[in-house]
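Structure at a glance
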Amino acid sequence: MIEILDCPFAKEIKDDLTKWFKSEKNNEIPGFALKTEELTEPKTPEIKRLFDWIESIIPRVAIELARNSYSLFNADFRSNTSNFKIDSYWGLYYNTNSFVYPHTHFPHAMSFGYYINVPMGSSPFTIMKDLKEDVNFYPKEGQLFVFDSSIQHVVNPSPVAGRMMLAGDIAYLSRFGN
């Protein structure tokens, strides 16, 4: 459903990621969160470092997400097709009472959220099932959430301001990534 990992160098990149976000043009999206434009290439050395780490662990994450799913991804004949690439990313900032409507990231393979800043009392990341809220995950600063892009999810109105994150989509390149 979702894999949650701690970035081993989160403290080293936090300040620079925060500066990057504040320097980017932000637009208010439905739900009142602030969003940067969608980007396809890392704009800072810290984002590049983060994305190199994410892309290095994504094959293992995909194996975990596919476990018990009867997916052919874990079949022996697919052992050399674990090729993934971050396709796009954007920054999000949540003011008090801002939220994100239920949505998916289909048709991408996986999506991620990297949490730069998470004030105490921030709303959870909520997985939905059959159009109803099902499971809450409470992010912590420096955590990476990776999930199947077709899973519907939501962030309900935040009682506090200050949650900042990078979100993005990951493409599965199969044998075409070599």
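Read on for an overview of the structure. (Residues numbered from 1 in each chain as written. Predicted model: local features only at pLDDT ≥ 70, side-chain atom pairs only at ≥ 80, totals over all residues. Heavy atoms only, no water.)

What the chain contains, in helices and strands, is 2 helices and 11 strands. The order of helices and strands in the chain, counted from the N terminus, is β-α-β-β-α-β-β-β-β-β-β-β-β. Since a compact globule built from 178 residues should have a radius of gyration of about 16 Å, the 16 Å found for the chain is in line with a globular shape. When the backbone C-alpha atoms are referred to their principal axes, the chain occupies close to 50 × 40 × 25 Å. The 178 residues of the chain split such that 48% are buried. Excluding contacts between residues fewer than 6 apart, the proportion of contacts in the chain whose partners are at least 24 apart in sequence is 81%. One finds the centroid of the 18 positive side-chain charges in the chain at a distance of 1 Å from the centroid of its 22 negative side-chain charges. (Helix = DSSP H or I, 4+ residues; strand = E, 2+ residues; numbered from the N terminus. Rg over C-alpha atoms; globule rule 2.2 N^0.38 Å. Buried < 20%, exposed > 50% of the residue type's maximum accessible area, 1.4 Å probe, protein only. Contact = heavy atoms within 4.5 Å. Lys, Arg positive; Asp, Glu negative; His and termini not counted. Charge placed at Lys NZ, Arg CZ, Asp CG, Glu CD.)

Another point: the sheet that holds strand β10 (residues 153–155). What the 4 strands build is an open sheet, ordered β5-β10-β7-β8; its pairing is antiparallel. Lying at the two open borders of the sheet, with one neighbouring strand each, are β5 (100–103) and β8 (132–137). Along the sheet, successive strands turn relative to each other by an average axial angle of 25°, direction set aside. Two elements, strand β7 (residues 125–129) and β8, share 5 bridges in a ladder whose sense is antiparallel. By the bridge assignment for β8, M128 is matched with E133. (Pairing = 2+ DSSP bridges. Axes fitted to C-alpha atoms, helices over the stretch in contact; angles between N-to-C directions.)

As a further point, take the pattern of salt bridges. For the structure on display, the rule yields 7 salt bridges. One salt bridge in this structure joins K85 and E55, with 3.7 Å as the shortest N-O distance. With a gap of 30 residues between them, K85 in strand β4 (residues 84–94) and E55 in helix α2 (residues 45–66) connect regions that are remote in the sequence. Judged by its relative accessible area of 42%, K85 is partly exposed. Two residues, E64 and R67, come together in a salt bridge whose shortest N-O distance is 2.5 Å. For R67, a relative accessible area of 44% puts it in the partly exposed group. (Salt bridge = Lys/Arg side-chain N within 4 Å of Asp/Glu carboxyl O.)

Residues L50, F51, I54, M110, F112, Y114 and L166 are the most contacted members of the largest nonpolar core, which totals 33 residues. If you list the elements that add at least two residues to this core, you get α1 (10–23), α2, β4, β6 (110–117), β9 (143–148) and β11 (163–172). Per-element accounting of this core gives the leading share, 11 residues, to α2. In this structure, I54 is in contact with I86, F112, L144 and I170, ignoring residues within four places of it in sequence. Core analysis: the second largest hydrophobic core is formed by 17 residues, Y94, V100, I151 and A167 among them. (Core = buried A, V, L, I, M, F, W, Y, C linked by side-chain atoms within 4.5 Å.)

Once that is clear, we can look at the sheet that holds β9. With antiparallel pairing, the 7 strands of this open sheet are ordered in space as β1-β9-β6-β11-β4-β3-β2. A single partner strand is all that each edge strand has here, and the edge strands are β1 (2–6) and β2 (27–28). By the bridge criterion, 10 bridges tie β4 to β11 in an arrangement that is antiparallel. Across the sheet, the residue bridging to Y93 is M164, located in β11. Its contacts with the sheet put α1 on β3 (34–35), β4, β6 and β11, and the angle it makes with β6 is roughly 90°. Running at roughly 115° to β4, α2 makes contact with β1, β4, β6, β9 and β11 of the sheet.

Let's shift gears to the environment of A10. Looking at the secondary structure, you find A10 in helix α1. For the pair formed by A10 and Q143, sequence separation is 133 residues and the distance between their alpha carbons is 8.1 Å. Not counting residues within four places of it along the chain, the set of residues in contact with A10 comprises Y114 and G142.

Functional significance is not addressed by these values, which are geometric in nature.
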